[in-house]
Amino acid sequence: MSVWFITGSSRGFGLEITRVALLAGHQVVATARKAETVREQFPDASDALLTMPLDVTDHQSIEAAVDAAVERFGRIDVLVNNAGTGLLAAVEESDDAAVRAVYETNVFGPLAVQRAVLPVLRRQRSGHVINISSIVGFATAPGWGIYASTKFAVEGFTETLHAELAPLGVHVTLVEPGFFRTDFLDPTSLNSGSEVIDDYAATAGTMRQAAAGLNHAQPGDPAKAARAIVDISAAPEPPLRLQLGADALQAFEAKLDTFRKEMDAWRHVALSTDHD
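The rules behind these values
Residues numbered from 1 in each chain as written. Predicted model: local features only at pLDDT ≥ 70, side-chain atom pairs only at ≥ 80, totals over all residues. Heavy atoms only, no water. Buried < 20%, exposed > 50% of the residue type's maximum accessible area, 1.4 Å probe, protein only. Helix = DSSP H or I, 4+ residues; strand = E, 2+ residues; numbered from the N terminus. Pairing = 2+ DSSP bridges. Right-handed = clockwise from strand over helix to strand, strands pointing away. Contact = heavy atoms within 4.5 Å. Polar contact = N/O pair within 3.5 Å; in protein donor to acceptor, adjacent residues only side chain to side chain. Core = buried A, V, L, I, M, F, W, Y, C linked by side-chain atoms within 4.5 Å.

I'd like a description of the pairing of strand 7 (residues 170–177), backed by residues and values.
Burial analysis of strand 7 places 7 of its 8 residues in the buried class, the great majority of the element. Across 6 bridges, strand 6 (residues 127–132) lies against strand 7 in parallel orientation. Bridge pairing in strand 7 links Ile132 to Val175. This β-α-β element, strand 6 to helix 5 (residues 145–165) to strand 7, shows right-handed connectivity. In terms of strand pairing, strand 7 meets strand 9 (residues 241–244) through 4 bridges, oriented parallel. Paired with Pro177 across the bridge in strand 9 is Leu244.

Give me the side chain of Glu16: which residues, what numbers.
Note on placement: Glu16 falls in helix 1 (residues 12–23). The contact partners of Glu16, leaving out residues within four places of it in the chain, are Pro222, Ala223 and Ala226.

So, the side chain of His128: which residues are in play, and what are the values?
Looking at the element boundaries, His128 is found in strand 6. Among the polar contacts made by the side chain of His128, one reaches the side chain of Thr173 at a distance of 2.9 Å. Non-local contacts of His128, meaning those with residues more than four positions away in its chain, are made with Asp77, Val78, Leu79, Leu121, Val170, His171, Val172, Thr173, Ile232, Ser233 and Pro238.

Account for the nonpolar core, with residues named and values stated.
A general feature of soluble globular proteins is that nonpolar side chains tend to end up buried together. Counting 27 residues, the largest nonpolar core has Phe5, Val29, Val66, Ile76 and Val129 as the members making the most contacts within it. Every element with two or more residues in this core is listed here: strand 1 (3–6), strand 3 (49–53), helix 3 (59–73), helix 4 (96–124), helix 5 and strand 7. Ranked by residue count, the leading element in this core is helix 4, at 7 residues. The contact partners of Phe5, leaving out residues within four places of it in the chain, are Val29, Thr31, Leu54, Ala65, Val66, Ala69, Ile76, Val78, Leu79, Val80 and Val113.

Okay, here's the thing in structure tokens:
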């Protein structure tokens, strides 16, 4: 039995991971900006569930939730950095305030939560950090540039964290989901930008229309994703990267093929820049 600490637990992946972890017999610290909305989902939950208010942009709320988790359960075994927000707009359409807001939640948020939880895991010399990335954290598309850049940042520091924590007995995994049937494409989770530039109608504009049509019809099943995430926590050697969904695999394979072809085509230029 492990102690899970999950951010963004009131809906989507966070809610489903909370549900699956509890059913598997784990103890769960389920956090959200409005903790009561989590508790309402589990009215019959036993003492195995602790709900705590946590805003990933509020360091005091993070520290309070981590302290409460350790006081209640004595340890933390699995951290799931799941809380996030989206921005769907062409890069040029994305104003400074919108860009900063998505970075505060998607990049500085998980970094702050990690800084609060990692001392616990390091003292234990055990644990598992699971950071939720995205299909566009590796293979982006028009309209997703700013959101993708936040996930690129998560991929970068998580890959490094993996190398830094491995000698201390702490595992690290990036989960890279495709499009799953959550409310991520709802206006409450996804900002579509305040400015629309006509020149991007065929790129970012087309993506806006596609996202609206895909909302709540995404191919991925969040309950199955949650089971996969809980299952990998029990693996002796969990993966650094875990893609979820056929669409994620297809996008990743296509990018890797393109990357290899372009690298081979321009290999002579790369090699020409070394000292003789």
